[in-house]
Structure formats: structure tokens, C-alpha cells
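Report on the structure
For reference, the chains in residue letters:
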Amino acid sequence: MKEDFRFIKNPISGKWVIIAPKRSKRPTVAKGTEPICPFCLGHEGLTPPETYRLGGGEKDKNLFELDTNHVVKVFRVYRDRFNELKTKGQVVIFYNFGVEAAASLPHPHAQIAVIPKKVGMDITRSVTPENIIHEGKHFTVFIPQASGWPYEVWFLPKRRGRLFGDITNPELDNLVPILSKVYQKLQSKFGQKFPFNFHVYHGGDWYLRFIPRLRVLGGFELATGVYVHSTDPKEAAQELSW
Ligand SMILES: [Zn+2]
């Protein structure tokens, strides 16, 4: 599964790309070439050696179909892996669900990537909460007015200025139910199996950003880098608030 790839910097824009020819040979659902699922129990030989395991493994479920205690354990693993890897580079944790969200295998899975420090990432830093959906004990849930995607929801810890690896157990216990609640609200709006991504900001002042992937970018957006929303983030936040 080792991929050879290289980072290339665009000298004009300063943005980075990754050239990874082997990725095109990956099995994908989209191409109908899905072989035996490497993530299912009993297929561990198809993946690199296991580094960590909690529990024995059971049949596929989407993350948010698991009970709260189970999801908390999953997030504790994210935190532990983040801390394990943070000295090696910039640690990015992300989750893809659905073909439109670029999930290449139907088995629900999160991924963790370590990006060399020299690579500048084109990702927004945390912002001041606006269009608030919910105030949790440890998190503010909101939709930034200048969101990239319709109905993207941010989860910002009230204790700012820390890395995701610093999240405490009480904070995780607060985050998971409110994340599930937002997921359920989006699910009742967009359907049982709506595609989504979420990711955890790699740097200081971390946040979690949940993005329903309900549209493709148009020519205007590709030509200008300016995103067009058909729903005002203010209204989207009112719709989801509790
Ligand atoms: Zn599987």
C-alpha cells in the first residue's frame, strides 16, 4: 500500500500539489473495481501492519450510526494518533463518506496524514464564531458567513489556542453528542446517506469542520475561486440551531 508521491510547489501561486501516479491504480467504488475490502475483519493482511486496535471489529457502520460511547473512543484514537505523529510533521485527520465526498471504499474510515512542515496548506485558520447553531459546554457550533460550502458547520473549542492533541476527555464527551446531533439534523434535511467530509485543523487553535458534499463546483467557482451560495449561511444556521 506504500505510495510513491512527491510534493511540488507552484512557483506563481505558492500553492502545493502532490503528484501520486499510483493512486490511479487504487481500487475504487466509482470505477466498479472494488475487490475484497481491506478494512474488513480478517483482511488485515491487505493493509500495512496494524499499529493500534480497540475492540475486535464488527460489521460496517457509518461513524454516526455507532453509539456515543463508541464514537468517543474513536475520537480518543484520533487524539492519541495525532499526539503520536505531531513531531513528524503537520497532522491532518479527515473523514470521507460517499463517492461525492471522494470516499474510494464504502467501508467507513477516517484517515490521518502527516504533511511535511515545508508544505504550506491552503486552509483557513479558525475564525470568530458567527451564525451560532448551538453553545455547548466546551464548544461553539456555528456556520461562518464566508463559508466555502453550503451548510458547512464548525465546532470550535471554547478554550482556544491549543492543538487537537490537547483535547481533554470532558471536551470529547461534549463534542461527540453535538457532532452527532448536527449530523442527524443534516441527515433529516439531505437524506439518510448524504455524502460528507469532516476534518480536524492541523495547527494551533484547532477546530473541526463538517462539510456536506451536496454540489459540485461550477465553472465560475473554478475560474474565480469565489464560491456562490444559494442558501445564506445565516439562514442555514437558524435552520440547524437548537
Ligand atoms: Zn470493509
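Above this text sits the structure in question.
What counts, and at which threshold
Residues numbered from 1 in each chain as written. Predicted model: local features only at pLDDT ≥ 70, side-chain atom pairs only at ≥ 80, totals over all residues. Heavy atoms only, no water. Donors = N, O, S within 2.8 Å, 3.2 Å for Na, K, Ca; no water. Helix = DSSP H or I, 4+ residues; strand = E, 2+ residues; numbered from the N terminus. Buried < 20%, exposed > 50% of the residue type's maximum accessible area, 1.4 Å probe, protein only. Salt bridge = Lys/Arg side-chain N within 4 Å of Asp/Glu carboxyl O. Core = buried A, V, L, I, M, F, W, Y, C linked by side-chain atoms within 4.5 Å. Contact = heavy atoms within 4.5 Å. Pairing = 2+ DSSP bridges. Axes fitted to C-alpha atoms, helices over the stretch in contact; angles between N-to-C directions. Expected span 1.5 Å × (residues − 1). Polar contact = N/O pair within 3.5 Å; in protein donor to acceptor, adjacent residues only side chain to side chain. Arc of directions from axis to C-beta.

Regarding the coordination of the zinc ion
Surrounding the zinc ion are the protein donor atoms Cys-37 (SG), Cys-40 (SG) and His-107 (ND1), at 1.9 to 2.2 Å. Here the donor residues of the zinc ion share one chain and are spaced in sequence as C-x2-C-x66-H. With Cys-40 in the loop between strand E2 (16-19) and helix H1 (68-85) and His-107 in the loop between strand E3 (90-97) and strand E4 (109-115), this residue pair connects regions lying 67 residues apart in the sequence. Judged by relative accessible area, which is 24%, Cys-40 ranks as partly exposed.

Section: the pattern of salt bridges
The tally for this structure, following the rule as stated, stands at 10 salt bridges. A salt bridge links Arg-53 to Glu-50, with the shortest nitrogen-to-oxygen separation between them at 3.0 Å. Given a relative accessible area of 48%, Glu-50 falls into the partly exposed group. Across the pair Arg-209 and Glu-152 runs a salt bridge, and its minimum N-O distance is 2.9 Å. Note that Arg-209 is positioned in strand E9 (residues 208-212) and Glu-152 in the loop between strand E6 (139-142) and strand E7 (153-157), a separation of 57 residues in sequence. By relative accessible area, Arg-209 is classed as buried at 11%.

Remarks on the nonpolar core
Ranked by size, the top nonpolar core spans 40 residues in total, and within it Leu-63, Phe-75, Phe-155, Phe-196, Phe-198, Leu-208 and Phe-210 carry the most contacts. Top contributing element to this core by residue count: helix H2 (residues 169-190), with eight residues. If sequence neighbours within four positions are ignored, Phe-155 has contacts with Phe-139, Thr-140, Val-141, Leu-175, Ile-178, Leu-179, Val-182, Tyr-207, Leu-208 and Phe-210. Counting residues in each nonpolar core, the second largest holds five residues, with Phe-142, Trp-154, Leu-156 and Tyr-207 among its members.

Description of the sheet that holds E7
Pairing within the open sheet is antiparallel, and its seven strands lie in the order E4-E3-E8-E9-E7-E6-E5. Edge positions in the sheet fall to E4 and strand E5 (132-135), since each has one partner strand and no second. Between one strand and the next, the sheet's axes are offset by a mean angle of 15°, whatever the strand orientation. Pairing of E5 with E6, which is carried by three bridges, proceeds in the antiparallel orientation. Following the sheet pairing, Ile-132 is matched in E6 by Phe-142.

Some points on the environment of Gln-192
Position of Gln-192 among the secondary structure elements: in the loop between H2 and strand E8 (196-200). On the accessibility criterion, Gln-192 (55% relative accessible area) is exposed. Setting aside residues up to four positions removed in sequence, Gln-192 forms contacts with Tyr-183 and Gln-187.

Some words on H2
Here H2 contains 22 residues, and its C-alpha end-to-end distance of 31 Å stays within 8% of the 32 Å for a straight helix at 1.5 Å per residue. For H2, the complete set of buried residues consists of Glu-171, Leu-172, Asn-174, Leu-175, Val-176, Ile-178, Leu-179, Ser-180, Val-182, Tyr-183, Leu-186 and Gln-187. The first or second residue beyond H2 is Gly-191, which carries a positive phi of 110°.

Regarding the pairing of E6
By the alternation rule, side chains of E6 split into Phe-139 and Val-141 and Thr-140 and Phe-142, which are all buried. The hairpin formed by E5 and E6 contains three residues between the paired strands. Sheet topology places E6 next to E7; four bridges connect them, and they run antiparallel. Counted as the bridge partner of Val-141 is Phe-155 from E7.

Considerations on the environment of Lys-86
Tracing the backbone shows Lys-86 in the loop between H1 and E3. Judged by relative accessible area, which is 32%, Lys-86 ranks as partly exposed. Not counting the four nearest positions on each side in its chain, Lys-86 is found in contact with Val-91, Lys-117 and Leu-163. Of note is the side chain of Lys-86, whose polar atom sits 3.2 Å from the side chain of Asn-83.

Comments concerning H1
Counted at 1.5 Å a residue, the expected span for H1 with its 18 residues is 26 Å, and the 26 Å between its end C-alpha atoms agrees. Within H1, the full set of buried residues consists of Val-71, Val-72, Phe-75, Tyr-78, Arg-79, Phe-82 and Leu-85. Looking straight down H1, one finds its buried side chains confined to an arc of 155°; they lie on one side. The opening residue of H1 is Asp-67, an N-cap whose side-chain oxygen sits 3.2 Å from the backbone nitrogen of Asn-69.

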